[in-house]
Each structure stands twice: as structure tokens, then as C-alpha cells.
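Each chain, written out:
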Amino acid sequence: MSTSPEYDVIVVGARCAGAASAMLLARQGHRVLMIDHARFPSDVRLSTHLLWHSGVDLLAKWGVLDALRATGCPELTRFKLDMGELVLRGAPPDTRVGAAMAPRRIVLDQVLIDAARDAGAELREGVMLEDVLQEGGRVVGIQGRLDDGSPFEARARIVVGADGTHSRVARCVAAESYHTFPKEAGAFNTFSYFSGIALDGVEFYSRPERMVYAWETHDGQAVIGIIQPGHAPRVGRDEIEQDFMGQMTAMVPDLAQRLRAARREADWVTVGVGTGCRQASGPGWALVGDAGVTVDPITAAGITNALRDADLLAELVHEGLSGQRPLDAALADYGPRRDATAVPLHLFAQEMAKLSPPTEEVIGLFVALAGNQSQIDRYFGLFGQTVTPSAFFDPANVEAILKAAQPAAMAN
Ligand SMILES: Cc1cc2nc3c(=O)[nH]c(=O)nc-3n(C[C@H](O)[C@H](O)[C@H](O)COP(=O)(O)OP(=O)(O)OC[C@H]3O[C@@H](n4cnc5c(N)ncnc54)[C@H](O)[C@@H]3O)c2cc1C
């Protein structure tokens, strides 16, 4: 026999996707429970933290950006893509705040959790979800265990899985997967944190089969890494430093020199990830953040994606819970609307992650971009998520870039 649920929404996972969803739904007056097996504040090691412009804009829209600024997180406003002979400098257009940020996750996730709790959401830490409760083919709650092994059970009208790429909620509801790629098809990332290094804004270096990146995070530290194809040979743990500095010296001697004068503040992280999309929702459940769409880290889009999808999901769940339309009808819109934005970004990242040599066409496009500041800014907007891949690579836009370059080339 079903009992009436004590919550409207249970959110499993209380980091960027989960805490943002919980905050937005609690602000609409819904009774929200967040659970997580972690205890907060809690860090995430597998992240380089970059939150692009559209993500920062969402924090501003939600009124939580000032709380993040108050933690001393620098705003990143200058972007450089060095391709060897060609260097592009610019920044994404059409943004509200006009900056990216790279907050440590122990800070960003906590800012969102605090905002969710301020809005009335309840947080239960140290709770491991084991299964969802189902009645008549519908998810009606969760069951799991507390740290001490005792059972935990709670019911809600909807369960939101914000429990990351290995989502247990997704497994429990048998969510279908699509556009999946094994980690060997993606990029392999090696990075650490450094202090005492001056950066020229956000630095990207595109080199044969490699991408090098560097940006500032909290505490005067920089996240600096090398991305290589997932199939590239790996070195042993005790050779990482030597290999990293050797590659850096060969590819970007200036950054290597700055690194030699800097101090490494943490262990090396080396990681590759499998990626893909999962069915976004079903009766009484939905997935958000990496649980729903995991994107290759090469475009550093995961957190921005998580915030955007949380915003969309919360809007639709609110429509359902407030009786504007049936909950299932509202949820049915979530997948197509999420995927209209997320799938092109995922496939774009996956293509970049191959780190294949650029085609003649791509080289021609980059050469044509030189000196065309508004289009360079639009290119950076692909990453800042203020310009879509379909808009930038639209044949009419590509033609406009090539055409604008012709008079300049003739004048030279
Ligand atoms: C190497 C690397 C670098 C990256 N760099 C960037 C970057 O620079 N910028 C960017 O935007 N993205 C980056 N990402 C991606 C980004 O880290 C993810 O997109 C982001 O963490 C997704 O957030 P989330 O809230 O969906 O899930 P997560 O951050 O994974 O949080 C999931 C939460 O669910 C909880 N949980 C899981 N299972 C259970 C369970 N059974 N019961 C209870 N709780 C549970 C976990 O404890 C965790 O707190 C990177 C990823 C990698 C691997």
C-alpha cells in the first residue's frame, strides 16, 4: 500500500548538478531532500574546475555568484589559443558577467549546498543510495544505508539522480544509454596544481595530438595539464613528472620555463573517462549532470552542462509539481530539450578528444579567423557556451569567415 510521500523531490547527489536542482526546486516552495554518501565540505579530485561563461551567468541569475566571489575565486576574462604559428586571443561574446571561473569543487559545491539549504532543502549526508522504491512501474522513493549500516528510506513524487557518471539511480531505473564512447576513444588528462606562476589569462596550446591548458583557481594556484589521446602510451606513476616536463619543454618551452620556477602543490592526477548520454527521465525519475550526460573533459564543459540542465529540469519539475500540467508530461519534455543543447556539445567534445591532426579545411578556417576579432570571440564562445557548434560551423558562418579573410589576404 502506498503512503503519501514526505517529500516532493529527493535529489541523490549533492554536488553541482544536485545542489543546484535542489536549490531551484526548494525556492519554488517544494519539499526537497538531498542525500549524498559524502560529507560536506568535500572536494573532487577529478576536475580541473573550469566553469565557463554561461555557467557563471547562471550563478549570477540564481543570485549565488557573489557568494562564490566572496571566496576569492578569480574571474577569468582573457583567453588565448596558441596553435603554433597562429595565436588567437579573445573572449566569448554575449555573456552577462563576462567571465569564466575555476572554483575548487570543495568551494563551488558548498556554495550551492548552502544556497539550497537556505531555500529550505534538507541535506542528509553519509547516506548511500542502494535502490529506488517502485510501485506500479513508478519510482516513489529511495532506499539506502547510513554510515553506521542502518537502513534509510524516504519517499517523494520524483527522484532526481544527480549521482554522477556511474549513477546508481540510472542503473536502478535501467535508463537507456546512447552516444556512448569508451575512455580509449576520448582524451587522457594529466594535471596538477601550481603556485608561484604567472599566467597570460587562460592559456590553451594546441599541438600535434596534444592540448595543453593552464588557468587560475583558488588560493593563487593554477591548474595546469596536458591532454593526450586515450590510446597514447602511458608512463608509470614515478615517471609522470619527468614525462610531463619533457613534453611541456618540447611543446611549450615558455610555459615549461614558468613551471620550473613554480611549486607543485598537489599530487599528479591522470585520468580518462568513458562518456555518453542516458535517457533523461521516466515515471517518477529524472537524471541531471553527469548522471544524464557525461562529456569528455577536453572542453571542460561538465559543470556548465550540469548547471544548465539543473535549471531546465527544475523549471519542468516545478511545472509538474505545481499542477500547471501533469508531471509526466513536463518530464517528457526534459530529454528532448536537454539533448538539443547537450548532444551537440558532447559530440563536439568527443571529436576534439581524438586530437587528430586538423584537416586542410580546418586549417583554412583558423587562418581565416586571424584578425577577425568578432569571429575569434565567437570561436571562444563555443567553449563558453554562448555560441552553439551549429551556429559557428553553419556553412553560412564559415563562408562569411572565409570571405572576410580574402580582402585582408589580398591587401597583404
Ligand atoms: C579529469 C576531469 C577534469 C574535468 N574538468 C572539468 C572542468 O574543468 N570543467 C568542467 O565543467 N567539468 C570538468 N569535468 C567534469 C565535471 O567534473 C563533472 O561534469 C561534474 O563533476 C558533474 O557534476 P555532478 O554533480 O553531475 O556529479 P558529481 O560531481 O560526480 O557528484 C555526484 C555526487 O553523487 C554522490 N553519489 C554518487 N553515488 C551515490 C550513491 N549511491 N548514494 C549517495 N550519493 C551518491 C557522490 O558522492 C557525489 O557527491 C572534469 C572531469 C574529469 C574527469
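Because the structure is a prediction, the values reported are computed rather than measured.

Rules of the game
Residues numbered from 1 in each chain as written. Predicted model: local features only at pLDDT ≥ 70, side-chain atom pairs only at ≥ 80, totals over all residues. Heavy atoms only, no water. Helix = DSSP H or I, 4+ residues; strand = E, 2+ residues; numbered from the N terminus. Rg over C-alpha atoms; globule rule 2.2 N^0.38 Å. Contact = heavy atoms within 4.5 Å. Areas by Shrake-Rupley, 256 points an atom, 1.4 Å probe, with all protein chains shown as cover. Lys, Arg positive; Asp, Glu negative; His and termini not counted. Charge placed at Lys NZ, Arg CZ, Asp CG, Glu CD. Pairing = 2+ DSSP bridges. Axes fitted to C-alpha atoms, helices over the stretch in contact; angles between N-to-C directions. Near = heavy atom within 4 Å. Polar contact = N/O pair within 3.5 Å; in protein donor to acceptor, adjacent residues only side chain to side chain. Nonpolar A, V, L, I, M, F, W, Y, C, P; charged D, E, K, R; others polar. Parallel < 35°, antiparallel > 145°, perpendicular 65-115°, else oblique. Left-handed = near helix turned anticlockwise from the far one by under 90°. Buried < 20%, exposed > 50% of the residue type's maximum accessible area, 1.4 Å probe, protein only. Arc of directions from axis to C-beta.

Enquirer: Looking at this structure, I do not really get the overall build of the protein chain. What am I missing?
Expert: Counting its secondary structure elements, the protein chain contains 13 helices and 21 strands. Computed over C-alpha atoms, the radius of gyration of the protein chain comes to 22 Å, within 12% of the 22 Å expected from 2.2 N^0.38 for 412 residues, which places it in the range of a compact globule. Considering only C-alpha atoms, the protein chain reaches an extent of 80 × 50 × 40 Å along its principal axes. Sequence-distant contacts, at least 24 apart, represent 74% of the contacts inside the protein chain between residues at least 6 apart. Counting only carbon and sulfur atoms, one obtains 52% of the accessible surface of the protein chain, whose full area is about 17500 Å². For the protein chain, the separation between the mean place of its 38 positive charges and that of its 51 negative charges on side chains is 1 Å.

Enquirer: I tried to follow the sheet that holds strand β11 (residues 177-181) on my own but got confused; where do I start?
Expert: Think of a sheet as strands paired side by side through backbone hydrogen bonds, with each pair either parallel or antiparallel. Spatially, the 3 strands line up as an open sheet ordered β11-β18-β21, and their pairing is antiparallel. Of all strands in the sheet, those bounded by a partner on one side alone are β11 and β21 (293-294). Of the strand pairs in this sheet, β11 and strand β18 (residues 275-278) are connected by 3 bridges, and their pairing is antiparallel. Within the sheet, the bridge partner assigned to S177 lies in β18 and is R278. Sheet contacts for helix α9 (residues 327-353): β11, β18 and β21; angle to β11, the most-contacted strand, approximately 20°.

Enquirer: Quick question: what am I supposed to make of the site of the ligand here?
Expert: As a matter of local geometry, the ligand sits amid 30 residues, with D36, T48, R105, D290 and I303 nearest to it. Here a nitrogen atom of the ligand sits 3.2 Å away from a polar atom, N or O, in the main chain of H37. Separating an oxygen atom of the ligand from a backbone N or O atom of G302 is a distance of 3.1 Å. If the ligand stood free it would expose 1000 Å²; the protein chains cover 90% of that surface. By residue class, the composition of the shell around the ligand is 15 nonpolar, 9 polar and 6 charged.

Enquirer: Mind showing me how you'd approach the packing of helix α1 (residues 16-27) against helix α4 (residues 105-118) here?
Expert: Between two packed helices, both the angle of their axes relative to each other and the distance between the axes serve to describe the pair. With their axes 8 Å apart at the nearest point, α1 and α4 run at an angle of 20° to one another. The angle between the axes of α1 and α4 places the two elements in the roughly parallel class. α4 is crossed by α1, and the crossing has left-handed handedness. Contacts between α1 and α4 pair C16, A19, A20, A22, M23, A26 and R27 from the former with R105, D109, L112, I113, A115 and A116 from the latter.

Enquirer: Help me understand the environment of C73, please; the structure alone is not making it clear to me.
Expert: With respect to the helices, strands and loops of the structure, C73 is situated in the loop between α3 (65-69) and β3 (75-76). Separated by 249 residues in sequence, C73 and S322 have C-alpha atoms that sit 37 Å apart.

Enquirer: Explain helix α7 (residues 253-260) here, please?
Expert: Given 3.6 residues per helical turn, the α-helix brings residues three or four places apart onto the same face. Those residues of α7 not exposed but buried are L255, A256, R258 and L259. For α7, the buried positions fall inside an angular range of 160° around the axis, keeping them on one side. Away from its buried face, by an angle of more than 90 degrees, α7 presents the exposed residues Q257 and R260. Buried positions along α7 lie against β12 (187-195), β13 (202-207), β14 (210-216), β15 (221-229) and α6 (240-251).

Enquirer: When you look at the environment of S177 in this model, what are you seeing that I'm missing?
Expert: Relative to the elements of secondary structure, S177 occurs in strand β11. Residue S177 is classed as partly exposed on the basis of its relative accessible area of 49%. Distance from S177 to Q279, taken between C-alpha atoms, is 6.3 Å for residues 102 residues apart in sequence. Beyond its immediate stretch of four places on either side in the chain, S177 contacts C277 and R278.

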